[in-house]
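Descriptive analysis of the structure
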Amino acid sequence: MANEKKSGAESKSIEMDFATGEFTTFVREDVEDKRRVRWTMGIAVVFHVILLAITFPKFASEMETVTKEQRIYVVQQVRFKPPPPKQQQEIPKPKAKKVPIPDPTPDEPEPLRLEEPEPEIDLPDLDDIVFGIPDAPPVAEPEGPIHVGGDVKAPVKLLEPKPQYTEIARKARIEGVVIVQAIIDKQGNVTNVKVLKGLPMGLAEEAVKAIKRWKFEPATLNGKPVDVYYNLTVHFHLQ
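Residues numbered from 1 in each chain as written. Predicted model: local features only at pLDDT ≥ 70, side-chain atom pairs only at ≥ 80, totals over all residues. Heavy atoms only, no water.

1. Overview of the packing of aromatic side chains
This is how it is decided: To pair, rings of Phe, Tyr and Trp, with the six-membered ring standing in for Trp, must have centres within 6.5 Å; the planes then decide the type, stacked if under 30 degrees apart, edge-to-face if over 60, and tilted in the middle. What counts as a helix is a DSSP run of H or I of at least four residues, what counts as a strand is a run of E of at least two, and both are numbered from the N terminus. Only protein chains enter the area calculation, which uses a 1.4 Å probe; residues under 20% of their type maximum are buried, those over 50% are exposed, and those in between are partly exposed.
Under the criterion given, the structure shown has three aromatic pairs. Ring centres 5.5 Å apart and planes at 85° place the aromatic pair Tyr-165 and Phe-236 in the edge-to-face group. Of this pair, Tyr-165 sits in the loop between β3 (156–159) and α2 (167–171) while Phe-236 sits in strand β9 (residues 228–236), and the two are 71 residues apart along the sequence. Each member of the pair, Tyr-165 as well as Phe-236, is classed as buried. Between the aromatic rings of Trp-214 and Phe-216, the centroid separation amounts to 6.5 Å while the plane-to-plane angle is 50°, which identifies the pairing as tilted. On the accessibility criterion, Phe-216 (2% relative accessible area) is buried.

Next up, the structure:
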């Protein structure tokens, strides 16, 4: 019996120790959990304070900029047009009546007014009247040379002496075209020769000498000979 009581007491003490250990562990875990929560809250508060310290100046400057930028509203004055002036009604003036003046001498006879006869107008006979369009005034002749075209007919070549080939140009086998501008006068002569496109080795000079010996039927304007500017061409070809 004594052994049974002793074993029962030992078992109870073991159960009490076990229960006490579990309670102690639970309290310790609860304390640690609260401590972790406090540290977490402290860290979160510190983090938010640091974040606020970083972002607050920028936010404050933006708010200050917004407050400084004030919108300016332009208020236009409404101008009212004055009403048009009323037109004054014109009061018609009474027409003056002609009052006949009595004749101071009714017994004297009034003078007679003799009508003068109208002068007779001598009209020409119908046979003497010529019906038709009058002739146009004569066209004035132009002063100085003019260009061919329109009513100006071009001159016609009558005589064309050939130019001479220079010996140096013949040896160099030079061929081509010489173009000149000249004035063909009313007699059909070639004057004022000006080279527009030449050839070397004396060929341009020989062309000018030959052109000055050419003869033309002069250009005409309304059937009359006139001085004209005319371009002439001389060809140089070796046989």
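2. Focus: the pairing of β9
Applied cut-off: Only strands that DSSP links by at least two bridges are regarded as paired with each other.
Strand direction decides the pairing type here: strand β1 (residues 146–147) and β9, joined by two bridges, are parallel. Bridge pairing links Ile-146 to Val-228 in β9. Where strand β4 (residues 176–184) meets β9, nine bridges bridge the pair, whose relative direction is antiparallel. Its bridge partner being in β9, Ile-183 is matched across the sheet by Tyr-229.

3. Focus on the nonpolar core
Note the threshold: By convention a nonpolar core is built from buried Ala, Val, Leu, Ile, Met, Phe, Trp, Tyr and Cys residues, the set being connected through side-chain atoms within 4.5 Å. Contacts are residue-level and defined by heavy atoms, with any inter-residue pair within 4.5 Å sufficient.
Counting 25 residues, the largest nonpolar core has Val-190, Trp-214, Leu-232 and Phe-236 as the members making the most contacts within it. Among the elements of the structure, β4, α3 (203–211), β7 (219–221) and β9 are those that each provide at least two residues to this core. Not counting the four nearest positions on each side in its chain, Leu-232 is found in contact with Val-178, Ile-179, Val-180, Ala-182, Val-190, Ile-211, Trp-214 and Phe-216.

4. Brief notes about the sheet that holds β1
Rules: Interaxial angles span 0 to 180 degrees and are taken between N-to-C directions of axes, which are lines fitted to C-alpha atoms, for helices over the stretch in contact.
Read across the sheet, four strands follow the order β1-β9-β4-β5 without closing on themselves; strand pairing throughout is mixed. Edge positions in the sheet fall to β1 and β5 (190–197), since each of these pairs with one other strand and no more. Strand contacts of α3: β4, β5 and β9, with the helix running at about 125° to β9, the strand carrying the most contacts.

5. Observations regarding the sheet that holds β7
Spatially, three strands are ordered β2-β7-β8 in an open sheet, and the strand pairing comes out antiparallel. For this open sheet the edge positions go to β2 (152–153) and β8 (224–226), each flanked by a neighbour on one side alone. With three bridges connecting them, β7 and β8 associate as antiparallel partners. Residue pairing across strands places Ala-219 opposite Val-226, the latter belonging to β8.

By themselves, these observations are geometric and do not establish any function.
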